[in-house]
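Chain and residue survey
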Amino acid sequence: MSVAPQTSAHRFINPQGLYDPQPNGYSHVVVATAPARLVYVAGQGGEDIHGTLSEDFATQVQQAMRNLQTALAAAQAGLADVVKISVLIVDHSEQRLAVLSQEVRAAWGDLPTPACTLIPVPRLALDRMLFEIEATAVVPLATTA
C-alpha cells in the first residue's frame, strides 16, 4: 500500500491490489480528519474572466484549473486542501485523458493528488464547453496554542 505523506489532516492512500493511479493524477482514497471547514467548489469550466471559451480542449482544462484555484483561494483554501474532484469531459478519449492527467499533475506538483471521478458526457452547460471540474476541500480549523 502506498500512503503519501500527510498533508494537513489528510491521508492519501493507494492500496495494494489496485493499480497505481498517480500517472493519471489522482489517488484512490483520501481520508480527511475533522474538525475542519468543508469547501465545495461548483463546476469550473474553461471560461476566462470575460466568459470566453477557447475551442482547444487543453486550453479549456488549463483555464478551468486556474478558475478552480481562484475559487479555492476565495474560501481561504488551496489545492493541498482538495480531497475530491469530479471532472466532466465532452467526447472523452484517451488523448483527452492524457491532457487532463498532465494538467492535474502540473497543478498539484509534489502535493498528493485528490480522489477523482471522471464522467464522460455528451454536452455541458454552454455551447463549445468541453471540460468542467468541481472540487471538495477540507480545511483544518486553526488551532490556538
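Note: the structure precedes this text.
Residues numbered from 1 in each chain as written. Predicted model: local features only at pLDDT ≥ 70, side-chain atom pairs only at ≥ 80, totals over all residues. Heavy atoms only, no water.

1. Structural notes on the environment of Asp48
- Within the secondary structure, Asp48 is located in the loop between β4 (36-45) and α1 (57-74).
- Distance from Asp48 to Pro122, taken between C-alpha atoms, is 22 Å for residues 74 residues apart in sequence.
- Among the polar contacts listed, one links the side chain of Asp48 to the backbone nitrogen of His50, at a separation of 2.8 Å.
- At a separation of 3.0 Å, a polar atom in the side chain of Asp48 contacts the main-chain amide nitrogen of Thr52. (Helix = DSSP H or I, 4+ residues; strand = E, 2+ residues; numbered from the N terminus. Polar contact = N/O pair within 3.5 Å; in protein donor to acceptor, adjacent residues only side chain to side chain.)

2. Let's talk about the sheet that holds strand β5 (residues 82-90)
- Strand order in this open sheet of 4 strands is β4-β7-β5-β6, and the pairing throughout is mixed. With partners counted over all chains shown, the strands left at the sheet margins are β4 and β6 (115-121), one partner each. Averaged over all pairs of adjacent strands, the angle between strand axes in this sheet comes to 10°, irrespective of strand direction.
- Bridging between β5 and β6 involves 7 bridges; their strand directions are parallel. When the sheet's bridge partners are listed, Ile89 is paired in β6 with Pro120.
- Of the strands in this sheet, β5, β6 and β7 (131-140) touch helix α2 (residues 94-108), which is tilted by about 150° from β5. (Pairing = 2+ DSSP bridges. Axes fitted to C-alpha atoms, helices over the stretch in contact; angles between N-to-C directions. Contact = heavy atoms within 4.5 Å.)

3. Comments concerning the side chain of Gln44
- Mapped onto the secondary structure, Gln44 falls in strand β4.
- A distance of 3.0 Å separates the side chain of Gln44 from the backbone oxygen of Ala42, its partner in a polar contact.
- Ignoring sequence-local partners within four residues, the contact set of Gln44 consists of Ala64, Asn67, Leu68, Phe131, Glu132 and Ile133.

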